[in-house]
Amino acid sequence: MKIPKSHPRYNSLRTRDLIVKGVEKGITSIHGLIAHGRGESFDYLIGEKTNDFAKISIDSAAALLLLAKYPVISVNGNAAALVPKELAELSKILGCPLEVNIFHTSKLREIKIKKYLKKFGAKNVLLPQKYTKIKFLESNRKYTNSNGILKADVVFVPLEDGDRAEALIKNGKKIITIDLNPLSRTAQMATISIIDNITRGIPLLIKTIKQYRKNNRDKLKKIIKKYNNKNNLKKSLNYIFQNLS
Ligand code: PTJ
């Protein structure tokens, strides 16, 4: 669909179209349409912009990713459709792998996501291995790559489906997520929850990492020490309540 740039809801319609095209290309699950609609409703509630509570989380996420010994970026069908170029760039500037990790099992879709990310410049894209599993998880997402999530100390899991964040934490990993819903299990469980749209959050995260690369480790540690995820989630909920009243 050709969307005129003058349309008042251009960004929203363009993003929706990316998800529909993702389904047509076989990279996004059909369930991804529902997940996207859920995200859109929360985006309305936060004013469809990157708020201060998201900026604070992005600062901490940038610091944690720069301090990590072995960060890994997990990619599902929605993230691949919405921000393939940005995921490739994030992987490049952090020098870390992207790992395709999907909830709705499909070997074919995993391969298609990998090819799609490579088309956008990604160099290091891992797929889950059959015999490599993380503990405390039953779904398809338990399968990981021994050079990826299994080995990671910090895992970035944008737009996640819930129980995996908890399992990854039980496996001793620090978790960063981007989720528009501050009440989601992932947002509640994660070490750092960025309450924002992935389409706005990842470009700002890339920009922040580029700025913070010049900081020494002590300065980065201070940024993380000051951060409190529960307080920040409360700020996002208060903002939504205020918007509603
Ligand atoms: O590709 P697969 O098989 O791994 O499936 C991916 C989806 C996203 C379909 C799967 O993980 C799923 O069902 O997720 P949920 O449980 O619907 O959760 C998705 C979360 O992402 C919800 O809390 C949404 O509010 C949020 N969300 C949706 N779109 C966006 C978003 N958060 C940030 N940016 C978005 N654009």
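Our structure's up above, just so we're on the same page.
Residues numbered from 1 in each chain as written. Predicted model: local features only at pLDDT ≥ 70, side-chain atom pairs only at ≥ 80, totals over all residues. Heavy atoms only, no water.

## Examining the site of the ligand
At step 1: Taken together, 23 residues are adjacent to the ligand, and R38, G77, F103, H104 and R109 come closest.
At step 2: At a separation of 2.6 Å, an oxygen atom of the ligand approaches a polar side-chain atom of R38.
At step 3: One of the backbone N or O atoms of L180 is found 3.2 Å from a nitrogen atom in the ligand.
At step 4: Bound to the protein, the ligand loses 94% of the 740 Å² it would expose on its own.
At step 5: Contributing elements (two or more residues each) for the shell around the ligand: α2 (31–45) and α4 (77–82). (Near = heavy atom within 4 Å. Polar contact = N/O pair within 3.5 Å; in protein donor to acceptor, adjacent residues only side chain to side chain. Areas by Shrake-Rupley, 256 points an atom, 1.4 Å probe, with all protein chains shown as cover. Helix = DSSP H or I, 4+ residues; strand = E, 2+ residues; numbered from the N terminus.)

## Here's the deal with α2
At step 1: Along its 15 residues, α2 runs 22 Å from first to last C-alpha, staying within 8% of the 21 Å computed at 1.5 Å per residue.
At step 2: Three or more residues of α2 are buried, namely G32, H36, G39, E40, F42 and D43. Summarising the axial view, the buried residues of α2 lie within an arc of 170 degrees, below the 170-degree limit, and thus occupy one face. Exposed and facing more than 90 degrees away from the buried side of α2 are I34, R38 and Y44.
At step 3: Along its buried surface, α2 packs onto α1 (10–25), α4 and α9 (198–212).
At step 4: Positive backbone phi, approximately 80 degrees, marks G47, located one or two places after α2. (Expected span 1.5 Å × (residues − 1). Buried < 20%, exposed > 50% of the residue type's maximum accessible area, 1.4 Å probe, protein only. Arc of directions from axis to C-beta. Contact = heavy atoms within 4.5 Å.)

## Examining the environment of F136
At step 1: Position of F136 relative to the elements: it lies in the loop between β3 (125–126) and β4 (154–156).
At step 2: Sequence spacing of F136 and V100 is 36 residues, and the spatial spacing of their C-alpha atoms is 19 Å.
At step 3: Once residues lying within four places of it in the same chain are set aside, the contact partners of F136 are A167, K170 and N171.

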